[in-house]
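# Fold and geometry: a report
Spelled out from the first residue to the last, the chains are:
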Amino acid sequence: MNLSWLSRFRERPWLWQSGLILFAILLPLPLGDYYRTVAWRTVLYIMLGLSLNLIVGYAGLFQLGHAAFYALGAYTAAILNLQLGIPLFWTFPASILVAALFGFLITRPILHLRGDYLAIVTIAFGEVVRLALVNNILGITGGANGLSGIARPRLLGLEFRQPIYHYYLVLFFLLITIFAMRRLENSRLGRAWLYVREDETAAEAMGINTTQVKLLAFVLGSGWAGLAGALYAARITVISPDLARFMESVVMFCIVVLGGTGSIPGVFIGALGMVTLPELFRPLKDWRDAWLGVTMVVMMIARPEGLWPSRRVQLELQESEAPHG
Amino acid sequence: MAERALTSERPLLRVRQLTKQFGGLMAVDHVDFELHPGEILGLIGPNGAGKTTIFNMITGFYSPSTGEITFKEQCIARAAASRWARLRGEQAPRPHRITQQGIARTFQTIRLFKNLTALENVMAGLHHWTKAGVWQALTRSASQRAEEASIVAEAERWLNFMGLHAYRNELAKNLPYGDQRRLEIARALATRPALLTLDEPAAGLNEQETLALVALIREIRDTGITVLLIEHDMKMVMELCERIVVVDHGRKIAEGTPAEVQRNAAVIEAYLGVEED
């Protein structure tokens, strides 16, 4: 490997960034519909991972019920489309808002909880949402069977029927997500999340309203998951309460932790490991849960900071070791 | 400075009948004292006397059981009216509000953001003076960029003031111990306080570093900031403070100039009761 090549990439991040984007655009072209769908799922889960990364990675808060907001977004899009006949693309803002609103209502009363206590309560809330959907709440969620017959989205007379259209649709939103995440990371708000994650008490003593800052992470992350849910509804057109399964939340959580908490490239790696690999080795799919369990145990022993950690989380986890180097 | 002269007859901080009970333990028992603008007041007492508890009530980390604290003529802490009010979280301690009103603090055990740089640590203090939110972060508007630049500029000023500029991009945990203490003060100053409260700032410092700190605290006071100091190092307290309040077993036992306090029989007794180093 030529080192000067590497350093050239390091100095000009746009080189590998635009290379990566080009790769993502060309990727589905030689593939068949099945693999295009795998690619679509991967990109969707990267988006979900990034939305959860906002909560778990940046603000350092446990959220093990993230799938609930994903489901809320999907249901909002579906209900608006089925009941009111609103075209799917127009339901996206509503999906984001509903998921964000529930994120606010659900997390506001539990924000003072820390660490594992917060994790337990978020698991419970995720289940509450799932059961509410199963029980056909307000008579509009379709019970255990969910909702079907969602109209395919249209744009400029183009019907989104082929998997490849959906792939480009989620890719478009993923690029927006990455752009937004990077800007948030490097802002006053992003710093506030860092302060809260590093030392909540000290952050409070600095005049930072930690409750508000944490709430904002939850609200933004939940809204983003809602958008992913709407994208799911647009592609699959059939949704069920299974979207809010605890296992879904676990997969999202693992994506963040496996790749490296707080790191955008980490989420990519996490999604490849948690979503793409099990899909590619489909004959072994029954082993997925075992794979998930084994991977997490091995990771926690060998590399608790994840495969591609953010510089800072790495530092936090290596606290007791020698100074940086 | 002119402001200070104008308000000098009114106390900046007034602690009245302040009490804190932890179960059956009276940690602080009806303590009164006042702090005047521009002075350096020392709060001393043997271990476990209740100094840090008083400190935590002033800075909003605990709420008092009874009594009240006023700052700039405004009540900043009062005992919860009833158990019901407390349940509703009415009197839940909100330290960030106290900081926003102009009381900054440091911690007895240093609590820097260890994995952030010295500059980023000081920038934390400026958070509540600035206001860019989600939208400004996403659009990176001209005003947002200007605000970011001003945050960095002011944080750098405080680093310079504390003589820490060489560590600008160094992680806080890699700083020498004495400089970590100074960085904590720089961070507190960045919140632009009227009152700076220091919880044992000389703990763990050698004699030379302590002397430098004394000079620095005087310098801070000369910029118009009032200082409240909790300290174990008697030499430092006697040297630095203009007035001293002594507490023991949660009660105030003496108050006065360093010379007066040193002669006070109750103080001598309290300090001879414990093994002094």
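This structure is a prediction, so every number in the text was calculated from the model and none was measured. Counting from 1, residues in each chain are numbered in the order their sequence is written. Lettering of chains starts at A and numbering of ligands starts at 1, both following the order in which they are written. Thresholds applied to this predicted model are a pLDDT of at least 70 for local features of residues and 80 or more for the giving and counting of side-chain atom pairs; totals over whole chains, interfaces and linings are not thresholded and use all residues.

So, about the overall build of chain B. Only DSSP runs of H or I with at least four residues qualify as helices, and only runs of E with at least two residues qualify as strands; both kinds are numbered from the N terminus onward. A tally of helices and strands in chain B yields twelve helices and ten strands. Here a residue counts as buried when 20 or more other C-beta atoms sit within 10 Å of its C-beta, as exposed when there are 12 or fewer, and as partly exposed otherwise, the C-beta atoms being derived from the backbone. Evaluated residue by residue, chain B yields a buried proportion of 43% over its 277 residues.

As a further point, take the overall build of chain A. Looking only at helices and strands, one finds 14 helices and two strands in chain A. The globule rule used here is 2.2 Å times the number of residues to the 0.38 power, and the radius of gyration it is set against is calculated over C-alpha atoms. The globule rule puts the C-alpha radius of gyration for 325 residues at 20 Å, and the 20 Å found for chain A is close to it. Projected onto its principal axes, the C-alpha positions of chain A cover 60 × 50 × 40 Å. Two residues form a contact once the distance between their C-beta atoms, set from the backbone, is within 7 Å. Within chain A, contacts between residues separated by at least 24 positions form 77% of all contacts whose residues are at least 6 apart in sequence.

Our next topic: the nonpolar core. With 167 residues, the main nonpolar core has A:Ala71 and A:Ala74 as its most contacted residues. The greatest single-element share of this core, amounting to 15 residues, is contributed by helix H10 (residues 210–236) of chain A. Each of domain 1 (2–102 + 193–273) and domain 2 (114–179) of chain B gives at least three residues to this core. What A:Ala74 contacts, discounting residues up to four positions off in sequence, is A:Gly229, A:Ala230, A:Tyr232, A:Ala233, A:Ile239 and A:Leu243. Here, a nonpolar core means buried Ala, Val, Leu, Ile, Met, Phe, Trp, Tyr and Cys residues linked by C-beta atoms lying within 7 Å of one another. Segmentation into domains, and thus their bounds, comes from an automatic or database assignment.

To continue, consider the environment of B:Ala266. All names here are of chain B. Mapped onto the elements of the fold, Ala-266 is located in helix H12 (residues 265–273). When the C-alpha atoms of Ala-266 and Gln-208 are compared, they prove to be 31 Å apart, with 58 residues separating the residues in sequence. Ala-266 has contacts with Ile-253 and Ala-254, leaving out every residue within four places of it along the chain.

Turning our attention to the interface of chain B and chain A. At the junction of the two partners, chain B supplies 28 residues and chain A supplies 28 residues. Where the side of chain B that touches chain A is concerned, the elements lending two or more residues are helix H4 (95–101), helix H5 (118–125) and helix H6 (134–139) of chain B. The classification used treats Ala, Val, Leu, Ile, Met, Phe, Trp, Tyr, Cys and Pro as nonpolar, Asp, Glu, Lys and Arg as charged, and all other residues, Gly among them, as polar. Residue composition of the side of chain B that touches chain A, by class: ten nonpolar, twelve polar and six charged.

To continue, consider the domain arrangement of chain B. A common way to state how big an interface is: give the accessible area lost once the parts meet. One can read the domain layout of chain B as domain 1 (2–102 + 193–273) and domain 2 (114–179). Put simply, the middle of domain 1 of chain B and the middle of domain 2 of chain B, counted by C-alpha atoms, are 28 Å apart.

Quick look at the packing of helix H8 (residues 188–198) of chain A against H10(A) now. All names here are of chain A. Where helices are involved, their axes are fitted lines through C-alpha atoms of the stretch in contact, as for all axes, and angles between N-to-C directions lie from 0 to 180°. Two elements in contact, H8 and H10, have axes separated by 10 Å at closest approach and are oriented at 110°. Classified by the interaxial angle, the pair formed by H8 and H10 is roughly perpendicular. With respect to the hand of their crossing, H8 and H10 are arranged in left-handed fashion. Where H8 approaches H10, its residues Leu-189, Ala-192, Trp-193 and Val-196 are matched on the opposing element by Thr-210, Val-213, Lys-214, Leu-216 and Ala-217. Its residues assigned to classes, the contact of H8 with H10 shows seven nonpolar, one polar and one charged. Throughout, the term roughly parallel applies to angles under 35 degrees, roughly antiparallel to angles over 145, roughly perpendicular to angles from 65 to 115, and oblique to all others. Note: crossing handedness is left-handed where the near helix turns anticlockwise from the far helix by less than a right angle, and right-handed where it turns clockwise.

Moving on, we come to helix H2 (residues 13–26) of chain A. Working rule for helices: expected span equals 1.5 Å times residues minus one. With 14 residues, H2(A) extends 20 Å from end C-alpha to end C-alpha; this agrees with the ideal 20 Å at 1.5 Å per step. For H2(A), a buried count of zero out of 14 residues is recorded, marking the element as mostly open to its surroundings.

Okay, unusual backbone geometry next. All names here are of chain B. A positive phi angle is found at Glu-73, which is not glycine, with a value near 70°. Within the fold, Glu-73 resides in the loop between strand E4 (66–71) and strand E5 (74–78). Overall, Glu-73 belongs to the exposed group, with 10 C-beta atoms counted inside 10 Å. With a phi close to 55°, Arg-192 is a non-glycine residue in the positive phi region. In this structure, Arg-192 sits in the loop between helix H8 (177–189) and strand E7 (195–199).

Our focus in this paragraph is the sheet that holds E4(B). All names here are of chain B. At least two DSSP bridges between two strands are needed for those strands to be called paired. Ordered by their spatial adjacency, four strands build an open sheet running E2-E1-E4-E5, and the pairing between neighbours is antiparallel. The strands lining the two open edges of the sheet, one partner per strand, are strand E2 (25–35) and E5. Mean inter-strand twist for the sheet, computed between neighbouring axes without regard to direction, equals 25°. Pairing of strand E1 (residues 13–22) with E4, which is carried by five bridges, proceeds in the antiparallel orientation. Residue pairing across strands places Leu-13 opposite Phe-71, the latter belonging to E4.

All names here are of chain B. With burial as the criterion, only one face of E4 is covered, namely that bearing Gly-67, Ile-69 and Phe-71; the residues Thr-66, Glu-68 and Thr-70 on the opposite face remain uncovered. Bridge count between E4 and E5: four bridges; the pairing is antiparallel. Of the residues in E5, the one forming a bridge with Phe-71 is Gln-74.

Moving on, we come to the pairing of strand E8 (residues 226–230) of chain B. All names here are of chain B. Of all the five residues making up E8, five are buried; the element is thus mostly covered by neighbouring parts of the structure. Alternating positions in E8 separate into two faces, Thr-226, Leu-228 and Ile-230 on one and Val-227 and Leu-229 on the other, with burial throughout. Where strand E3 (residues 40–44) meets E8, four bridges bridge the pair, whose relative direction is parallel. In the sheet register, Leu-43 faces E8, and the bridge partner there is Ile-230. In the sheet, E7 pairs with E8 via five bridges, with the strands oriented parallel. What sits directly across from Asp-199, in E8, is Ile-230. Handedness rule for crossovers: strands pointing away from the viewer, path from the first strand over the helix to the second running clockwise, crossover right-handed. In this view, the connection linking E7 to its parallel neighbour E8 by way of helix H9 (residues 207–222) has right-handed handedness.

Take the sheet that holds strand E10 (residues 251–256) of chain B next. Residues and elements named next belong to chain B. Taken in spatial order, the six strands make up an open sheet running E6-E7-E8-E3-E9-E10, and their pairing is mixed. A single partner strand is all that each edge strand has here, and the edge strands are strand E6 (103–105) and E10. With direction set aside, neighbouring strand axes in the sheet form an average angle of 20°. Helix H2 (residues 51–58) contacts E3, E6, E7, E8 and strand E9 (243–248) of the sheet and is inclined by roughly 145° relative to E7. Sheet strands touched by H9: E3, E7 and E8. Its angle to E8, the strand with the most contacts, is close to 145°.

All names here are of chain A. Packing of helix H3 (residues 33–58) against helix H7 (residues 163–185) leaves a shortest axis separation of 9 Å and a crossing angle of 20°. Taken together, the axes of H3 and H7 are roughly parallel relative to one another. Crossing handedness for the pair H3 and H7: left-handed. On H7, the residues touching Asp-33, Arg-36, Thr-37, Ala-39, Trp-40, Val-43, Leu-44, Ile-46, Met-47 and Leu-50 of H3 are Pro-163, Ile-164, His-166, Tyr-167, Val-170, Leu-171, Phe-173, Leu-174, Thr-177 and Met-181. Split into classes, the residues belonging to the contact of H3 with H7 amount to 15 nonpolar, three polar and two charged.

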